[in-house]
Each structure stands twice: as structure tokens, then as C-alpha cells.
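Letter by letter, the chains look like this.
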Amino acid sequence: MQELIHELYKAGVIKIGSFILSSGITSPFYIDMRRIYSYPKIMRLIINEVVKKVDLSSYEVLVGVATSGVALAAFIAAVAGKPMAYVRLEKKDHGTLSQVEGEVEGRSSLIVDDVATTGDSIIRTYEILKDSGAVPTGALVVVDREQGAEERIRALGMEYHYVMTARQLFNTLKEDGVLNGATYEEIMKYLESYRRKK
């Protein structure tokens, strides 16, 4: 895990500053996972962690959340020998008019995304899959920001898997001297404020 965290940092995936997330929340850090697809080593490290931590035999199909989860689901599915599908952000306005691409009906599905904050994208995908006749039973992300996603997803009756939490990521960077004390404290205070809201 330490090697993966350092590779993410070296690749510029972990950014420190002030950012507005897709959830509308302002954050002192941003995890730009869309960069990982340019780094095959990072992809291998992520897949190795997923295979160690998640019993993929429990799922019949892996479903990527558009757009960031699609490539991730495809990589994992290829290595695991699993079928893969994805959910579009919007319904197609041509052809089959479908919002779900791939065979999901009646299948136990693992929803795959890169980062979870509040879980909105995963929950939206869950609802679309249910409407399509799929059986979404789990969700997987690379980084859980620990800002409510896990609780909301588990409340739907799904398993929730992550490769790492934001806290694990920043603890490793601090312990290895990559992150200075003041920045680390600011991030931990920010994360703790969400823990208190639970």
C-alpha cells in the first residue's frame, strides 16, 4: 500500500490547496484519479490491492460509474476475468436509448468508482441498475474520503470496499516526511469534522 500511495503522490494525483468537489463540498485536498490511467504501474498496484481485499467471485459483473469508474472497472474486469458494464451519465438519445451498457439484468453487480465523498454517484448508479433489473450488491472505490459515502451505501444493503481511506493516505505521506506537519494537521482537522457529523 505504501508504494501505491507514493506512486499516486509522484504522479500528481494528490493535490493540496482549496478545491470544490463534485458534491459541492470545499476541501483542502483533491484526489485527481483521472491521471492514473497514464501510469500502468499505478494501475497494476491498484488492481493487486483490489484482488487482495475484495472477493470478486461474489459478483457476476463489474459496473463502472461514468466517467472515472469505467476504465477502472474495465482494467479490474480484464484481470479478474469478469464481465463488465457501465452506466452512462445521461440516457442515449439515439440507438437503443439505454443508460446501462452491458448485460446486467438479474446479475449481482459490483459498482466501481475511483473516489467516494458522499456516495452520490454510486447511489445514482445503484438506482439506475435496480431500474434495469440488475442486483447491485457492492461498491468499490480506490479512495474513500470518509465523508459519509460508506454509511449511505451500506444503508442500501450493499457491501462497501475501498483500497484506502483518505486518512490512511495522508498518514502514510506524513510518516514518510512527504507532507509537512501544518498541512497534515489541517487535513486531519477537516476529516475529523466529518467524523463528528455522523
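Refer to the preceding data block for the structure.
On a predicted model such as this, the values are computed, not experimentally measured, just so you know.

It is worth spelling out helix 3 (residues 68-80) at this point. Since the α-helix packs 3.6 residues into each turn, any two residues three or four apart lie on the same face. In this model helix 3 runs 19 Å from its N-terminal to its C-terminal C-alpha over 13 residues, within 8% of the 18 Å that 1.5 Å per residue would give. Looking only at helix 3, the buried set comprises Ser68, Gly69, Leu72, Ala73, Ile76 and Ala77. Angular distribution of buried residues about the axis of helix 3 spans 130°; they occupy a single face of the element. Lining the buried residues of helix 3 we find helix 2 (40-53), strand 3 (61-65), strand 4 (84-87), strand 6 (108-116) and strand 7 (135-144). After helix 3 finishes, the residue glycine 81 shows a positive phi value of roughly 70°.

Relative to the helices and strands, isoleucine 47 is located in helix 2. Isoleucine 47 sits 25 residues away from leucine 72 along the chain, and the two C-alpha atoms are 8.9 Å apart. The residues touching isoleucine 47, leaving out its near neighbours within four places in the chain, are Phe75, Ile76 and Val79.

Rules used throughout
Residues numbered from 1 in each chain as written. Predicted model: local features only at pLDDT ≥ 70, side-chain atom pairs only at ≥ 80, totals over all residues. Heavy atoms only, no water. Helix = DSSP H or I, 4+ residues; strand = E, 2+ residues; numbered from the N terminus. Expected span 1.5 Å × (residues − 1). Buried < 20%, exposed > 50% of the residue type's maximum accessible area, 1.4 Å probe, protein only. Arc of directions from axis to C-beta. Contact = heavy atoms within 4.5 Å.

Treat this as a map of the structure, not an account of what it does.
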